[in-house]
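Chains, contacts and geometry: an overview
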Amino acid sequence: MRSDIPTTTVLGVGVAVLDVDAALAEVRRLLNGAQPAVLAYANAHTLNVASRNEEFLRVLRQADLVLNDGSGLAIAARLRGQTFPANLNGTDFTPKVLLTAADCDASVFLLGGAPGVADAAAERLRANIPGLKVAGCAHGFFGEAELPALLSAIRASNARVLLVGMGNPQQELWLANHLADTGAVLGVAVGAFLDFAAQRVPRAPGWMRDAGIEWLYRLAREPRRLFGRYVAGNPLFLQRVVREQLAERVKHR
């Protein structure tokens, strides 16, 4: 990230400390830039994965903008004596990125999800975001042999924004390795956003989102898949954050 963006470091990753307007201003700057740029969202699960995956950690550190996603990051910031002005989670902030893209007349390519998910998401996003241009869609279940054709299709679409929803760490690694070959200027790692946008996966009630406990709703719906991520992962994340804080205090004595 630019050196003048205020950040806090959580488990070795610099996370921007920005309100919604400032974050969107940075998105607009990246979108109008000449070089490909990556936007990633960091939550407790993301940083747990990065803690045991050196390549993923490196990619997050090199991302052009990393935004805070969820209550775990809010707790981590408070332990450092800081406060995030807003919860810039991917499901709520990505539509604002798309509004910015539409305002800049920048078309978007959607990549990820099961077959049909990106197309359904595109249909709903077009209906909800005035002026949004979706240049193309592709599902996330492709093999190495299909990669050249996929990159060619994205490049031929002339999309300036590429949303990639493949889960951590695949989506971030994919963008780090291939964004420059797509012709897109801004790559955004969006996790389950396409499933939410396509209404294949329901969102938690508004009060749960406002309280920062949407993860409980998701856990209740998919306990087997998400037990390790939330029930085991959230306490592990907090343990790692506390250890990081203690290590920094010892270092500065």
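It should be noted that the structure appears before, not after, this text.
We now turn to the structure provided with this report. (Residues numbered from 1 in each chain as written. Predicted model: local features only at pLDDT ≥ 70, side-chain atom pairs only at ≥ 80, totals over all residues. Heavy atoms only, no water.)

**Let's talk about the overall build of the protein chain**
The following threshold applies: Helix and strand labels come from DSSP, where a helix needs a run of H or I of at least four residues and a strand needs a run of E of at least two; each type is numbered from the N terminus. Between the two quantities, the radius of gyration covers C-alpha atoms and the globule rule is 2.2 Å times the number of residues to the power 0.38. Buried, partly exposed and exposed residues are distinguished by accessible area as a fraction of the type maximum, computed with a 1.4 Å probe on protein chains only: under 20%, between the cut-offs, and over 50%, respectively. Contacts are residue-level and defined by heavy atoms, with any inter-residue pair within 4.5 Å sufficient. In this tally Asp and Glu are treated as negative and Lys and Arg as positive; neither His nor the chain ends contributes. Charged side chains are reduced to one point each, which is NZ for Lys, CZ for Arg, CG for Asp and CD for Glu.
Along the protein chain, the regular secondary structure elements total 12 helices and eight strands. In terms of C-alpha radius of gyration, the protein chain reaches 18 Å, essentially the compact-globule figure of 18 Å for 253 residues. Based on the C-alpha atoms only, the size of the protein chain along its principal axes is roughly 55 × 40 × 35 Å. Taking all 253 residues of the protein chain together, 48% fall into the buried category. Restricting to contacts in the protein chain with at least 6 residues of sequence separation, those with at least 24 account for 74%. For the protein chain, the distance from the average position of its 27 positive side-chain charges to the average position of its 23 negative side-chain charges is 5 Å.

**A closer look at the environment of proline 95**
As for its placement among the helices and strands, proline 95 is situated in helix H5 (residues 90-103). Classification of proline 95 as partly exposed rests on a relative accessible area of 24%. Through-space distance from the C-alpha of proline 95 to that of lysine 133 is 13 Å; in sequence the pair is 38 residues apart.

**Some points on unusual backbone geometry**
Here asparagine 168 and proline 169 are connected by a cis peptide whose omega angle stands at 0°. Its place among the elements puts proline 169 in the loop between strand E7 (161-165) and helix H8 (170-182). If you check the backbone angles, asparagine 158 has positive phi at about 60° while not being a glycine. For asparagine 158, the location among the structural elements is in the loop between helix H7 (147-157) and E7. A relative accessible area of 58% means that asparagine 158 is categorised as exposed.

**Re the packing of helix H3 (residues 54-62) against H8**
Under the convention used in this document: For helices, the fitted axis covers only the stretch in contact; all axes are lines through C-alpha atoms, and the angles between them, taken along N-to-C directions, range from 0 to 180 degrees. Whether a crossing is left-handed or right-handed is set by the direction in which the near helix is turned from the far one by less than a right angle, anticlockwise for left-handed and clockwise for right-handed. Each residue receives one of three labels: charged for Asp, Glu, Lys and Arg, nonpolar for Ala, Val, Leu, Ile, Met, Phe, Trp, Tyr, Cys and Pro, and polar for the others, Gly being one of them.
It is the contact of H3 with H8, at a shortest axis distance of 10 Å, that shows an interaxial angle of 65°. Where H3 crosses over H8, the two elements pack in a sense that is left-handed. Across the interface between the two elements, Glu55, Phe56, Val59 and Leu60 of H3 pack against Glu172, Leu173 and Ala176 of H8. Split by residue class, the contact of H3 with H8 holds five nonpolar, no polar and two charged.

**So, the packing of aromatic side chains**
Inclusion rule: Between 30 and 60 degrees the pair is tilted, below 30 it is stacked and above 60 it is edge-to-face, where a pair is any two Phe, Tyr or Trp rings, Trp via its six-membered ring, whose centres lie within 6.5 Å.
Scanning the model with the defined rule gives three aromatic pairs in all. Centroid distance tyrosine 41 to phenylalanine 93: 6.5 Å. Interplanar angle 75°. Geometry classified as edge-to-face. A residue pair is termed long-range when its members are at least 10 positions apart, and tyrosine 41 in strand E3 (residues 37-42) and phenylalanine 93 in helix H5 qualify at 52 residues. Given a relative accessible area of 5%, tyrosine 41 falls into the buried group.

**Description of the packing of H7 against H8**
So the rule is basically this: For classification purposes, angles smaller than 35 degrees are called roughly parallel, those larger than 145 roughly antiparallel, those between 65 and 115 roughly perpendicular, and all remaining angles oblique.
Running from amino to carboxyl end, H7 crosses H8 at an angle of 55°, the nearest separation of the two axes being 9 Å. In terms of orientation, H7 lies oblique with respect to H8. Read as a crossing pair, H7 and H8 show a hand that is right-handed. In this structure, H7 uses Leu147, Leu150, Leu151, Ile154 and Arg155 to contact H8, whose residues at the interface are Trp174, His178, Asp181 and Thr182. Looking at the contact of H7 with H8 residue by residue, the classes come out as five nonpolar, two polar and two charged.

**Details of a nonpolar patch on the surface**
To be explicit about the condition: Patch membership is restricted to residues that have no salt bridge and whose relative accessible area is over 30%. Joining uses 9 Å for like charges and 5 Å for the nonpolar side chains Val, Leu, Ile, Met, Phe, Trp and Tyr. Here the Shrake-Rupley method, with its probe set to 1.4 Å, supplies the accessible areas, and only the displayed protein chains count as covering residues. Within this document, salt bridges are pairs made up of a side-chain nitrogen of Lys or Arg and a carboxyl oxygen of Asp or Glu, the two lying within 4 Å of each other.
A contiguous nonpolar surface patch, about 360 Å² in accessible area, is contributed by Ile75, Leu79, Leu238, Val242 and Leu246. Going through the elements one at a time, helix H4 (71-79) and helix H12 (223-252) are the ones with two or more residues in the nonpolar patch. The dominant element in the nonpolar patch, judged by the number of residues it contributes, is H12, at three residues. Along the chain, leucine 79 falls in helix H4.

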